[in-house]
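Breakdown of the fold
Single-letter residue listing:
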Amino acid sequence: MAKNGVAAILCLLALAPLVKLACGDGGHDYGMALKKSLLYFEAQRSGTLPPDQRVTWRESSGLFDGKANGVDLVGGYYDAGDNVKFGLPMAFTVTMMSWSILEYGKQMASAGELQNAMGAVKWGTDYFIKAHPEPDVLYGEVGDGDTDHNCWQRPEDMTTSRQAFRVDPQNPGSDLAGETAAAMAAASMIFRTTYPGYANLLLEHSKQLFQFADKYRGKYDASIKVARNYYGSFSGYGDELLWAAAWLFEATEDRFYLEYLATNGDSLGGTGWSINQFGWDVKYPGVQVLAAKFLLQGRAGEHADALQRYRQNAEFFVCSCVGKGAVNVPRTPGGVMYHQRWNNLQFVTSASFLLTVYADYATVTGRGALRCPAGAAQPLEILAFVKSQVNYILGDNPRGTSYMVGYGLNYPRQVHHRGASIVSMKTDPSFVSCQEGYSSWYGKQAGNPNLLEGAIVGGPDEYDDFADERNNYEQTEAATYNSAPLLGVLARLAGACGGLDEYQSAPEKVAANHTLSRPSSEHLEVEQNVTRTWASRRRTYYRYSVTVTNRSRKTVRGLHLGISELNGRLWGLDKARYGYVPQKWLPALRPGRSLRFGYVQPGPPANVWVTGYKLV
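Residues numbered from 1 in each chain as written. Predicted model: local features only at pLDDT ≥ 70, side-chain atom pairs only at ≥ 80, totals over all residues. Heavy atoms only, no water.

Things to note about the overall build of the protein
Secondary structure summary: the protein contains 19 helices and 14 strands in total. Against the compact-globule benchmark of 25 Å for 616 residues, the protein has a radius of gyration of 24 Å, which places it among compact chains. Judged by the C-alpha coordinates and their principal axes, the protein covers about 70 × 60 × 60 Å. Residue burial in the protein is summarised as follows: out of 616 residues, 62% are buried. Across the protein, every contact between residues at least 6 apart in sequence was considered, and the portion connecting residues at least 24 apart equals 76%. Only carbon and sulfur atoms are counted for the fraction: they give 49% of the accessible area of the protein, which is about 22,800 Å². Computing the positive centroid from 60 side-chain charges and the negative centroid from 59, the protein places the two 6 Å apart. (Helix = DSSP H or I, 4+ residues; strand = E, 2+ residues; numbered from the N terminus. Rg over C-alpha atoms; globule rule 2.2 N^0.38 Å. Buried < 20%, exposed > 50% of the residue type's maximum accessible area, 1.4 Å probe, protein only. Contact = heavy atoms within 4.5 Å. Areas by Shrake-Rupley, 256 points an atom, 1.4 Å probe, with all protein chains shown as cover. Lys, Arg positive; Asp, Glu negative; His and termini not counted. Charge placed at Lys NZ, Arg CZ, Asp CG, Glu CD.)

Right, dumping it as structure tokens:
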């Protein structure tokens, strides 16, 4: 990209003064971390590599992708340590890279990385244009995860299936199409000045994909079944439809998309879901933060009431992350947010981005402190917490391990990654078969021959423990969607440390976790009662009955409940990806009707709250 183009985009980035951040105490070079993060995306490229490719141990791969299907699908990104191109996480990656540039492109330019960041986005959007050959057709996967996972090969050697899978009117995929629409709408804004024809093309694809997603509704993993075991759409497609509408409104200012966001908030879950996890599957917190931005900027108009309900859920997310919410994100003893053992850091980086932009939105618009259940959360305090999370990833943790490969002195050496773990073709061009890769390279008790620089691995467990072993894929595999949200956060921190705005003192720690009751939502009432008590072995046990009643005038579907501090047996609910759901015989809760379930445990009751629902 031409240098004058990079300079021109800065005109789009008229950022108001940001909250001041302290620097120097952690000793981290955020600009260097940003540079390494962008190098990682070059290592994940599929297709014909360009002459300016900086990760030189890689070569071109996947050069016949799509040929068997009669379409050109060369390009795009491998999602993680395998050689499959999965459309849903790839689109989320591009959306988050674009959002990072839109918010903090000025800081990226100061660090000398704006051109590389825009190039990383374009590598993804070029592929999406190919993958969308007709208005109502979108290719969502190249390669078969099952076949690929039985093979350990460099992408340059691939002998596994490269079959392509698509969604269309007969086989819909609203979540896949909606996320891809969001990615192309967000990306269109960063090219608007430098490459207007390309920006308009992206916007046209985005509009078509949104219309396709909304008209032909269905989950993509019901159409592309081979994706289900790898990137199943647990949250459904409602969040992606709202996410796409929000980004199209941001890109076009067309009130149609704002009205869609406002009027479909109840039915698609945007105003009903209060959740503290944001990632490639569940986009509700991202939608809610964007909606709050529109409200804070005075762009809501007649939809202010609806967007205020989105904003309440956005602030639930923020308060929960910083430890001042009704239900807080747990933390490890070392202080990092913890959701799950398998690739936990993906949720740390994505939450850190949302917290950063929300704190800056609140400051720029004069919003000030958030009113959380456990006390006010100042923007300065929110950003100090974000900084603690980033510093943890970069090495400020009980193990002293940097979870960014190549950053610092102590970082993972046996990353679970096919290309990095096998000698480069430039060193040894000999063909490596599927089984040879396993026998000669996968089990090798040595560091990878190629450095996957800038990759954010899955990270430690709930006790801050981490095993640097190639077969420990839950902790040592990296993914593009781990790094994409961190681009903006690193740019923000690098900009503050580069002399933009510095404050003199800020708390490095925020309040410890609080467990407070949030029994009811706006439309659903939760009531707990003790129905029986008895003593056994010097302990008193209680049988608790929980009633969830629909107090609205509409039918509730997609009800999800969160339960913490549960120490006994529970009946009447099923476990789901995001909390608990009613049993299959009760798919909906009509107005005035109730759901009942129970549990037994010694001591106080569990904490039960409504995580999400849709009104229809």
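So that's the structure; there's more coming.
Examining the side chain of T332
Relative to the elements of secondary structure, T332 occurs in the loop between α13 (304–322) and α14 (345–364). Of note is the side chain of T332, whose polar atom sits 2.6 Å from the side chain of D464. Apart from the residues lying within four places of it in its own chain, the contact partners of T332 are Y338, Y392, D461, E462 and D464. (Polar contact = N/O pair within 3.5 Å; in protein donor to acceptor, adjacent residues only side chain to side chain.)

Re the sheet that holds strand β2 (residues 138–142)
On the basis of which strands lie adjacent, the open sheet formed by three strands has the order β1-β2-β3 and antiparallel pairing. The two strands at the open ends of the sheet, each matched to only one other strand, are β1 (85–86) and β3 (164–167). In the sheet, β1 pairs with β2 via two bridges, with the strands oriented antiparallel. For F86, the partnering residue across the bridge sits in β2 and is E141. (Pairing = 2+ DSSP bridges.)

A few points about the state of the cysteines
Counted according to the given criterion, the structure contains two disulfides. One disulfide in the model links C151 with C434; its S-S distance is 1.9 Å. Given an S-S torsion of about -85°, the disulfide between C151 and C434 has left-handed geometry. Here the residue C151 occupies a position in the loop between α5 (145–148) and β3, and C434 occupies one in helix α17 (residues 434–442), the gap between them amounting to 283 residues. Both residues of the pair, C151 and C434, count as buried. The disulfide partner of C319 is C372, and the S-S distance across this bridge is 2.0 Å. In this structure, the disulfide formed by C319 and C372 twists by about -80° around the S-S bond and is classed as left-handed. Residue C319 is found in helix α13, and its partner C372 is found in strand β4 (residues 370–372); the two are separated by 53 residues along the sequence. An identical accessibility class is assigned to C319 and C372; each is buried. The thiol of C321 is unpaired, and the distance to the nearest cysteine sulfur, on C319, comes to 9.4 Å. (Disulfide = S-S within 2.5 Å.)

Brief notes about the pattern of salt bridges
Between side chains of opposite charge, pairing is possible as soon as their charged atoms come close. Throughout the structure, instances matching the rule amount to 26 salt bridges. In this structure, D65 and K85 form a salt bridge, with 2.8 Å as the shortest nitrogen-oxygen distance. Of this pair, D65 sits in the loop between α2 (30–43) and β1 while K85 sits in strand β1, and the two are 20 residues apart along the sequence. Judged by relative accessible area, which is 3%, D65 ranks as buried. Measuring nitrogen to oxygen at the nearest pair gives 2.7 Å for the salt bridge that ties D266 to R309. Taken together, the positions of D266 in the loop between α11 (255–263) and α12 (284–296) and R309 in helix α13 put the pair 43 residues apart, joining distant regions of the chain. Taken together, the salt bridges that share partners define one network made up of E103, E250, E253, K293 and R299. (Salt bridge = Lys/Arg side-chain N within 4 Å of Asp/Glu carboxyl O.)

Topic: the sheet that holds strand β6 (residues 524–536)
Spatially, β6-β7-β13-β9 is the arrangement adopted by the four strands of the open sheet, whose pairing is antiparallel. The outermost strands of the open sheet, each flanked by one partner alone, are β6 and β9 (569–571). On average, each strand axis in the sheet is tilted by 15° relative to the strand beside it, whichever way the strands run. When β9 meets strand β13 (residues 594–602), the two strands line up antiparallel, connected through three bridges. Within β13, the position partnered with W571 by the bridge is G598. (Axes fitted to C-alpha atoms, helices over the stretch in contact; angles between N-to-C directions.)

A few points about the pairing of strand β8 (residues 556–564)
Consecutive residues of a regular strand have side chains that alternate between opposite faces of the sheet. Of the strand pairs in this sheet, β8 and strand β12 (residues 588–589) are connected by two bridges, and their pairing is antiparallel. Each residue of the ladder has a partner; that of R557, found in β12, is A588. Pairing geometry for β8 and strand β14 (residues 607–615), over seven bridges, is antiparallel. By the bridge assignment for β14, V556 is matched with L615.

Quick word on the side chain of R58
Looking at where R58 falls in the secondary structure, it is placed in the loop between α2 and β1. At 2.9 Å, the side chain of R58 and the backbone oxygen of R45 are in polar contact.

Side note on unusual backbone geometry
For E253, which is not a glycine, the phi torsion comes out positive at approximately 60°. Looking at the secondary structure, you find E253 in the loop between α10 (238–252) and α11. In this model, D464 sits at a positive phi of 70°, which is unusual for a non-glycine residue. Turning to its location among the elements, D464 is positioned in the loop between α17 and α18 (473–476).

Re the confidence of the model for the protein
Scored by pLDDT, the protein has a mean of 90; 92% of the residues are at 70 or more. A low-confidence stretch, residues 1–17 stays under pLDDT 50, and its non-local contacts, those more than four residues away or across chains, total 34 contacts. Ignoring residues within four places in sequence, the model shows residues 498–519, a span with pLDDT below 50, making 63 contacts including any to other chains. (pLDDT = per-residue confidence, 0-100.)

As for the packing of aromatic side chains
Working definition: an aromatic ring pair is given by the centre-to-centre distance plus the angle between the planes. Applying the stated rule across the entire model yields 29 aromatic pairs. Between K122 and the ring centre of Y198, over which it is positioned, the NZ or CZ distance is 4.8 Å. (Phe/Tyr/Trp six-rings, centres within 6.5 Å; stacked < 30°, edge-to-face > 60°. Lys NZ or Arg CZ within 6 Å of the ring centre and 35° of its normal.)

Side note on the nonpolar core
One finds W99, W247 and L261 to be the most contacted residues of the largest nonpolar core, which totals 156 residues. Here this core takes 12 residues from helix α3 (residues 87–110), the largest share from any one element. (Core = buried A, V, L, I, M, F, W, Y, C linked by side-chain atoms within 4.5 Å.)

Let's talk about the packing of α10 against α12
Think of two packed helices as two axes; the pair is described by the angle between the axes and how far apart they sit. For the pair α10 and α12, interaxial distance at closest approach is 9 Å and the crossing angle is 30°. Considered as vectors, α10 and α12 are oriented roughly parallel to each other. As α10 packs across α12, the resulting crossing turns out to be left-handed. Contact with α10, carried on its side by G238, D239, L242, W243, A246, W247, F249 and E250, involves Y284, G286, V287, L290, K293 and F294 of α12 and no other residues of that element. Considering only residue class, the contact of α10 with α12 consists of nine nonpolar, two polar and three charged. (Parallel < 35°, antiparallel > 145°, perpendicular 65-115°, else oblique. Left-handed = near helix turned anticlockwise from the far one by under 90°. Nonpolar A, V, L, I, M, F, W, Y, C, P; charged D, E, K, R; others polar.)

Side note on α2
If you check α2, its first and last C-alpha atoms are 20 Å apart, about what 14 residues at 1.5 Å a residue would give, namely 20 Å. Burial of α2 is extensive: 11 of the 14 residues sit out of reach of the surface. When we look at burial in α2, the residues that qualify are Y30, A33, L34, K36, S37, L38, L39, Y40, F41, E42 and A43. Regarding α2, its N-cap is D29, as a side-chain oxygen of that residue lies 3.3 Å from the backbone nitrogen of G31 further along. (Expected span 1.5 Å × (residues − 1).)

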